[in-house]
Amino acid sequence: MESLKTDLVLDAKGLACPMPIVKTKKAMNSVEAGQVIEVQATDKGSKADLKAWAESTGHHYLGTIEEGKVMKHYLRKSSSEETEERKHPFVATNEELENKLNESTVVLDVREEAEYVFNHIPYAINIPIGELETRLDQLNKEDQIFVICRTGSRSDLAAQKLAQNGFSKVTNVVPGMSGWSGKTITLSS
């Protein structure tokens, strides 16, 4: 498998519980909101531990890839803006998007690559929000575009950015992938 883009690689190999979590917590404090950490661990319990820790602290556990005896856990640091008020005027629910899905429906997933790789809607286009302005030419201004992220916050910001750049048929999907129950493509580890 090709390597996933991460902002920090943390070596927790050979450490037993609770040390992978202790090191991850310290590392999470050193990265910015939205950045992705890869935690390399050999403790079999680290998968459940890191997932539970991420959920209890509001960070996003993306998934784990096992390579031999090493487990590579991917976590994304949450931000305070993910709970801010949404401002884009056109919003659809997950169910509304699911009812409109077909091969010609344009779904723009603005999560980070690691989030997208582990779980995404079929045919969705992945352009992380941080790359959106430089990749606008990959989208058609005439298309109806449904923008999705994990919670609806980044997608709201992306929808606003698209509207400011002349895209007139843009809809933010809420609550996003955190509440998606429709068909997805997932990375098998």
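Nothing here was measured: the structure is a model prediction, and the numbers come from that model. (Residues numbered from 1 in each chain as written. Predicted model: local features only at pLDDT ≥ 70, side-chain atom pairs only at ≥ 80, totals over all residues. Heavy atoms only, no water.)

### Here's the deal with the sheet that holds strand S5 (residues 91-93)
Next up, step 1: Taken together, five strands build an open sheet; the order of strands is S5-S10-S9-S6-S8 and the sheet is parallel. Edge strands, defined here as strands with exactly one partner in the open sheet, are S5 and strand S8 (125-126).
Next up, step 2: With four bridges connecting them, strand S6 (residues 106-109) and strand S9 (residues 145-148) associate as parallel partners. Across the sheet, Leu 108 pairs through a bridge with Val 147, a residue of S9. (Pairing = 2+ DSSP bridges. Helix = DSSP H or I, 4+ residues; strand = E, 2+ residues; numbered from the N terminus.)

### Remarks on the environment of Arg 154
Next up, step 1: Mapped onto the elements, Arg 154 comes out in helix H5 (residues 153-164).
Next up, step 2: Considering only alpha carbons, one finds Arg 154 and Pro 128, 26 residues apart in sequence, at a separation of 9.3 Å.
Next up, step 3: Here the side chain of Arg 154 touches Glu 115 through a polar contact of 2.8 Å, side chain to side chain. (Polar contact = N/O pair within 3.5 Å; in protein donor to acceptor, adjacent residues only side chain to side chain.)

### Focus: the nonpolar core
Side chains that are nonpolar tend, in soluble globular proteins, to be buried together.
Next up, step 1: Of all hydrophobic cores here, the largest spans 16 residues; its most connected members are Leu 108, Leu 132, Leu 139, Ile 145, Val 147 and Leu 162.
Next up, step 2: Secondary structure elements with two or more residues in this core: S6, S9 and H5.
Next up, step 3: In contact with Leu 162, not counting residues within four places along its chain, are Leu 108, Leu 132, Leu 136, Leu 139, Ile 145, Val 147, Phe 167 and Val 170.
Next up, step 4: In this structure, Met 28, Ile 37, Leu 50 and Trp 53 belong to the second largest nonpolar core, which totals 14 residues. (Core = buried A, V, L, I, M, F, W, Y, C linked by side-chain atoms within 4.5 Å. Buried < 20%, exposed > 50% of the residue type's maximum accessible area, 1.4 Å probe, protein only. Contact = heavy atoms within 4.5 Å.)

### Some thoughts on unusual backbone geometry
Next up, step 1: Residue Pro 18 follows Cys 17 across a cis peptide bond; omega there is 10 degrees.
Next up, step 2: Structurally, the position occupied by Pro 18 is in the loop between strand S1 (8-12) and helix H1 (19-29).
Next up, step 3: The omega torsion across Val 174 and Pro 175 is 10 degrees, close enough to zero to call that bond cis.
Next up, step 4: Tracing the chain through its elements places Pro 175 in the loop between strand S10 (170-174) and strand S11 (185-186).

### What about the pairing of strand S4 (residues 70-76)?
Next up, step 1: Buried residues dominate S4, accounting for six of its seven residues.
Next up, step 2: As paired strands, strand S2 (residues 36-41) and S4 are joined by six bridges and run antiparallel to one another. Bridge pairing in S4 links Ala 41 to Met 71.
Next up, step 3: Connecting the antiparallel pair strand S3 (residues 60-67) and S4 is a turn made up of two residues, with Gly 68 showing a positive phi of about 65 degrees.

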